[in-house]
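Below are the chains, spelled out letter by letter.
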Amino acid sequence: MKKLLAITLVTILASSSAFSAVVKSYDTEKNCDLYTVVQPDEKGKIKLKPTEVITYSKDVYGLSFQEMEINFENREVLVMPIMNVVFGINRPLTATKTSISADNEEFNFLINQLNRKLYVFEKVCIGDNKIVYAKMFETEAEKRK
């Protein structure tokens, strides 16, 4: 009975037209690929800008970093950007690890977010296999400012 209930729940969630997705665009100001988690509108559809492409269209609730490697010689940290998917079926955002250079103005902030599940990113910008910047989800009050 429990298995039937679980299978039914998964089927309903999988067949639902409302989903979140990760879209890719290009940030010309910072010269990097911008990955953003977008939510569907009231009708359950993802609205894309002309410059955006969906890279993953399952129930993604945020982006995070995992598997930190410190490279002391090059003064950088290697991390694997991850798409956090509902039910814990997380997927890599990129094929290889990306680096966070020590001269990045957000270096301390970015490495302190490693392996956090409570705080996830809404946007991550990657250029030349380096993380240029990342932004957390904004609250409704922050969006109105």
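Counting restarts for each chain: residues are numbered from 1 in the order of the written sequence. Where local features are concerned, this predicted model is filtered to residues with pLDDT of at least 70; where side-chain atom pairs are given and counted, the filter is 80 or more; whole-chain, interface and lining totals use all residues. No hydrogens and no water enter the side-chain calculation; it runs on all heavy atoms of the structure.

Quick notes on the overall build of the chain
Here is step 1 of the chain: To qualify as a helix, a DSSP run of H or I must reach at least 4 residues; to qualify as a strand, a run of E must reach at least 2; elements of each kind are numbered from the N terminus. Along the chain, the regular secondary structure elements total three helices and nine strands.
Here is step 2 of the chain: Along the chain, from the amino end to the carboxyl end, the secondary structure elements read α-β-β-β-β-β-β-β-α-β-β-α.
Here is step 3 of the chain: Counting the 145 residues in the chain, one finds 37% classified as buried.
Here is step 4 of the chain: Residue contacts are defined here by distance: any two heavy atoms, one from each residue, within 4.5 Å place the two residues in contact. The long-range fraction of contacts in the chain, counting pairs at least 24 apart against all pairs at least 6 apart in sequence, stands at 54%. Exposure is judged per residue with a 1.4 Å probe applied to protein chains only, and the accessible area is read against the type maximum: over 50% gives exposed, under 20% gives buried, and values in between give partly exposed.

A few points about the pairing of strand 5 (residues 76-85)
In regular strands, side chains alternate between the two faces of the sheet.
Here is step 1 of the chain: Of all ten residues in strand 5, nine are buried, a share of seventy percent or more.
Here is step 2 of the chain: The pairing of strand 4 (residues 60-71) with strand 5 spans nine bridges and is antiparallel. In the sheet register, L63 faces strand 5, and the bridge partner there is M83.
Here is step 3 of the chain: In this analysis, strands are considered paired if DSSP registers two or more bridges between them. Adjacent in sequence and paired antiparallel, strand 4 and strand 5 are bridged by four residues, among which R75 carries a positive phi angle near 55°.
Here is step 4 of the chain: Pairing of strand 5 with strand 7 (residues 98-101) involves four bridges; the strand directions are antiparallel. Across the sheet, residue L78 finds its bridge partner in strand 7, namely S99.
Here is step 5 of the chain: Where strand 5 meets strand 6 (residues 91-92), two bridges bridge the pair, whose relative direction is antiparallel. Bridge pairing in strand 6 links I82 to P92.

A look at the packing of aromatic side chains
The description of an aromatic ring pair rests on the distance of the ring centres and on the angle between the ring planes.
Here is step 1 of the chain: Pairing of aromatic rings covers Phe, Tyr and Trp, the last counted by its six-membered ring, and requires centre-to-centre distances within 6.5 Å; plane angles under 30 degrees mean stacked, over 60 mean edge-to-face, and any other angle means tilted. This model, assessed by the stated rule, comprises two aromatic pairs.
Here is step 2 of the chain: Seen in terms of ring centroids, F65 and F121 are 5.0 Å apart; in terms of plane orientation they differ by 45°. Their pairing is tilted. Of the two residues, F65 is situated in strand 4 and F121 in strand 8 (residues 121-127); the sequence distance between them amounts to 56 residues. The exposure classification of F65 matches that of F121, with both residues buried.
Here is step 3 of the chain: A ring pair is formed by F109 and F121, whose centres lie 6.2 Å apart and whose planes are at 75°; its orientation type is edge-to-face. Here F109 is found in helix 2 (residues 107-112), whereas its partner F121 is found in strand 8, with twelve residues between them in sequence.
Here is step 4 of the chain: F109 gets classed as partly exposed once you look at its relative accessible area, which sits at 33%.
Here is step 5 of the chain: The rings of F65, F109 and F121 are connected pair by pair, giving a single aromatic cluster.

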